[in-house]
Amino acid sequence: MDKTYRLLWTVSLLIISCITIGITACNLISIDLPDIATRILGIIDLLAIPVLIFASVKLREPLKTQFERKRAIHAVYCVKPPNRAPARLRRLSLYPTQLSHFLFSK
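Remember, predicted model here, so these are calculated numbers, not experimental data.

With respect to helix α1 (residues 2-29)
Next up, step 1: For α1, which comprises 28 residues, the first-to-last C-alpha distance of 40 Å matches the rise-based estimate of 40 Å (1.5 Å per residue) to within 8%.
Next up, step 2: Every buried residue of α1 is accounted for by Y5, S12, I16, I19 and C26.

As structure tokens, then:
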């Protein structure tokens, strides 16, 4: 199923990029496209955007579960040191820092 979403994502991105490059190139070279051609390309472009979004969301879901698994492992191994420990040991502890909190937060 992942291959299907990846193919959808690739094709929709290719369609969007080809249409955008084509219309931009025609404008730069001063070639006037017929009005109907511009509108049809615009409609195809607008139809490809929701497909790209759908495929992107579906491809992102396995990464989300993988991320949550890493987050759970991180939470198990992060132990806050006792307050009586010297500052040097507290700095070297496995207690989650602001950076790791940012990386592993929802």
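Having put the structure on the table, let's press on.
Quick notes on the environment of W9
Next up, step 1: Here W9 lies in helix α1.
Next up, step 2: Exposure remark for W9: the relative accessible area of 31% places this residue in the partly exposed category.
Next up, step 3: W9 has contacts with L52, A55, S56 and L59, leaving out every residue within four places of it along the chain.
Next up, step 4: Among the polar contacts made by the side chain of W9, one reaches the side chain of S56 at a distance of 3.1 Å.

Describing the environment of L33
Next up, step 1: Considering the arrangement of structural elements, one finds L33 in the loop between α1 and α2 (35-77).
Next up, step 2: Classification of L33 as partly exposed rests on a relative accessible area of 31%.
Next up, step 3: Residues L33 and I23, ten residues apart in the sequence, show an inter-C-alpha distance of 8.3 Å.
Next up, step 4: Among residues more than four places away in sequence, those in contact with L33 are C26 and T38.

So, the side chain of D45
Next up, step 1: Along the chain, the position of D45 falls in helix α2.
Next up, step 2: Here D45 occupies a buried position and makes no salt bridge, while the nearest side chain of opposite charge, R39, is found at 14 Å.

Side note on the packing of aromatic side chains
One pair of aromatic rings is described through two measures. These are the centre distance and the angle between the planes.
Next up, step 1: Per the counting criterion, the structure on display carries one aromatic pair.
Next up, step 2: Aromatic pair Y5 and F54: ring centres 5.8 Å apart, planes at 75°, arrangement edge-to-face. Linking Y5 in helix α1 with F54 in helix α2, this pair joins segments that are 49 residues apart in sequence.

Here we look at the confidence of the model for the chain
Next up, step 1: Model confidence for the chain is summarised by a mean pLDDT of 77, while 58% of its residues fall at 70 or above.
Next up, step 2: For the chain, helix α4 (residues 98-104) is the element with the lowest average pLDDT, namely 53, and α1 is the one with the highest, namely 92.

Each value, and the rule that gives it
Residues numbered from 1 in each chain as written. Predicted model: local features only at pLDDT ≥ 70, side-chain atom pairs only at ≥ 80, totals over all residues. Heavy atoms only, no water. Helix = DSSP H or I, 4+ residues; strand = E, 2+ residues; numbered from the N terminus. Expected span 1.5 Å × (residues − 1). Buried < 20%, exposed > 50% of the residue type's maximum accessible area, 1.4 Å probe, protein only. Contact = heavy atoms within 4.5 Å. Polar contact = N/O pair within 3.5 Å; in protein donor to acceptor, adjacent residues only side chain to side chain. Lys, Arg positive; Asp, Glu negative; His and termini not counted. Salt bridge = Lys/Arg side-chain N within 4 Å of Asp/Glu carboxyl O. Phe/Tyr/Trp six-rings, centres within 6.5 Å; stacked < 30°, edge-to-face > 60°. pLDDT = per-residue confidence, 0-100.

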